[in-house]
Amino acid sequence: MEHINGGVCAAKGFVAGGVHCGVRKNRTKRDLSMILSEVPAAAAAVYTSNLVKGAPIFVTQRNIEDGTAQLVICNSGNANTCNADGEDIAWQMCELAGKTAGVKPEDVIVASTGVIGQPLPIAPIAEGMAPLYASLSDHGSPEAAEGIMTTDTRLKEVAVSFVAGGQVCKLGGIAKGSGMIHPNLATMLVFLTTDCAISPALLRQALRENVKDTFNMMSVDGDTSTNDMVSIMANGLAGNPVITETGADYDAFCEALNEVASTLCRMIAKDGEGATRLITCCVTGGKTVADARIAAKAVVCSSLLKAAMFGADANWGRVLCALGYSGAELDVKQVDVAFRSAKGTVQVCAMGASMDFSEEKAKEILLEDEVDILITLRDGTAAATAWGCDLTYDYVKINGDYRT
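No experiment lies behind these values; they were computed from the predicted model shown.

## Topic: the nonpolar core
Membership of the largest hydrophobic core comes to 74 residues, with the highest contact counts inside it found for Phe 253, Phe 339 and Ile 375. It is helix 6 (residues 248-270) that provides the largest number of residues to this core, a total of 11 residues.

Here it is in structure tokens:
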């Protein structure tokens, strides 16, 4: 497996694009994106666990219940959530996109992101559909990625190649996410594409298992969005024998999926609203995988720890505090903690107790824009990784007037 260029257009038979249609007032920003497969594809998705769900989620759930999709349509600037006519608008988006691209509206994955509780006008989307379709190309992944952004400051796209059934396959994705990130089953909006041939049943299985160790292990601010969705289309154009059972080819597919998903997680966490550094918490020695996941997620979710990271303060007590209330089964008297970055590694806690370390060296390590928190539990052999970011003044500034 190796990283390649192309994002959602890296796999054979996929084109993408993005335009400004007028949902957003800022004409310099794209607000409508499309991803199209040359042929119908196996499809799967996971969605937010929030009881308040965006209307597009319900429409997408119905559309891909048969395990097939061919097109993704997504707008930014308005979440189409908590609107009386929301599902009707989402379905109209499917009809407009399908008619323009020659795809059945039932084979459309529809998504929206932006402000909650404001009606989504269909007129600008209808007017933008023809220009959007005309913008599609096999190098249009960046434009599609831009069209789904809200408070994001960076494009998020990645792709890899891998071998399955003796054929080179490709898997890529784009994502948006900067705030309201504390997912359960999915995260923000993530669109994945692959030319690997795999059955809808195994595609669903692979995606559901993958999010447990990737998107569910990420948090920016503790708020679970109403519109979270991770979707994937697999069109089979790589020519490999269809993966219909677990084995070496399925494992290769899952490895590629994990690489793309975990890379997008890092990108999203690093681009957290107002963030200045990416925090990666690596837990080893957990009693069970569940315990390791719970422990790692608690650390990156701690507001006190996030604030300490913003100040480059090696306040390791906040790490132990988070472990203590996490709910994970562990022996706090067995815990080691260390901080690591490009400037080196410093151990700050041994066997749950303080130890001598250089505060100056620790600060130098924590001033880097990517910091790892290394936790050893000594309760077993399970491990887990979680991603987050620091908590800064700018997070409050961004969200203090987000709607107005």
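## Notes on the pattern of salt bridges
For the coordinates displayed, the defined rule picks out 16 salt bridges. Of the charged contacts in the structure, one is a salt bridge between Asp 372 and Arg 340, with a shortest N-O distance of 3.0 Å. In this pair, Asp 372 sits in strand 14 (residues 370-376) while Arg 340 sits in strand 11 (residues 336-341), placing the two residues 32 residues apart along the sequence. Linked through salt bridges whose partners overlap, the residues forming this network are Asp 152, Arg 154, Lys 156 and Asp 271.

## Looking at the pairing of strand 12 (residues 344-350)
Both strand 11 and strand 12 contribute to a ladder of five bridges, which runs antiparallel. Residue pairing for strand 12: Phe 339 is matched across the bridge by Val 346. Connecting strand 11 to the antiparallel partner strand 12 that follows it, the hairpin turn spans two residues. Pairing of strand 12 with strand 13 (residues 353-354) involves two bridges; the strand directions are antiparallel. The residue of strand 13 that forms the bridge with Ala 350 is Ala 353.

## Overview of the pairing of strand 4 (residues 68-78)
Judged by how many residues are buried, strand 4 sits mostly within the fold: nine of 11 residues are covered. For strand 3 (residues 32-47) and strand 4, the ladder comprises seven bridges, and the chain directions are antiparallel. Paired with Leu 36 across the bridge in strand 4 is Leu 71.

## Overview of unusual backbone geometry
Located in the positive-phi region is Asn 80, a residue other than glycine, with phi close to 50 degrees. Counting through the fold element by element, Asn 80 comes out in the loop between strand 4 and helix 2 (86-101). Since its relative accessible area comes to 0%, Asn 80 is described here as buried. One non-glycine residue, Arg 378, lies in positive phi territory at about 60 degrees. By the element assignment, Arg 378 lies in the loop between strand 14 and strand 15 (382-389). Looking at Arg 378, the relative accessible area reads 41%, which means it is partly exposed.

Definitions and limits used
- Residues numbered from 1 in each chain as written.
- Predicted model: local features only at pLDDT ≥ 70, side-chain atom pairs only at ≥ 80, totals over all residues.
- Heavy atoms only, no water.
- Core = buried A, V, L, I, M, F, W, Y, C linked by side-chain atoms within 4.5 Å.
- Buried < 20%, exposed > 50% of the residue type's maximum accessible area, 1.4 Å probe, protein only.
- Helix = DSSP H or I, 4+ residues; strand = E, 2+ residues; numbered from the N terminus.
- Salt bridge = Lys/Arg side-chain N within 4 Å of Asp/Glu carboxyl O.
- Pairing = 2+ DSSP bridges.

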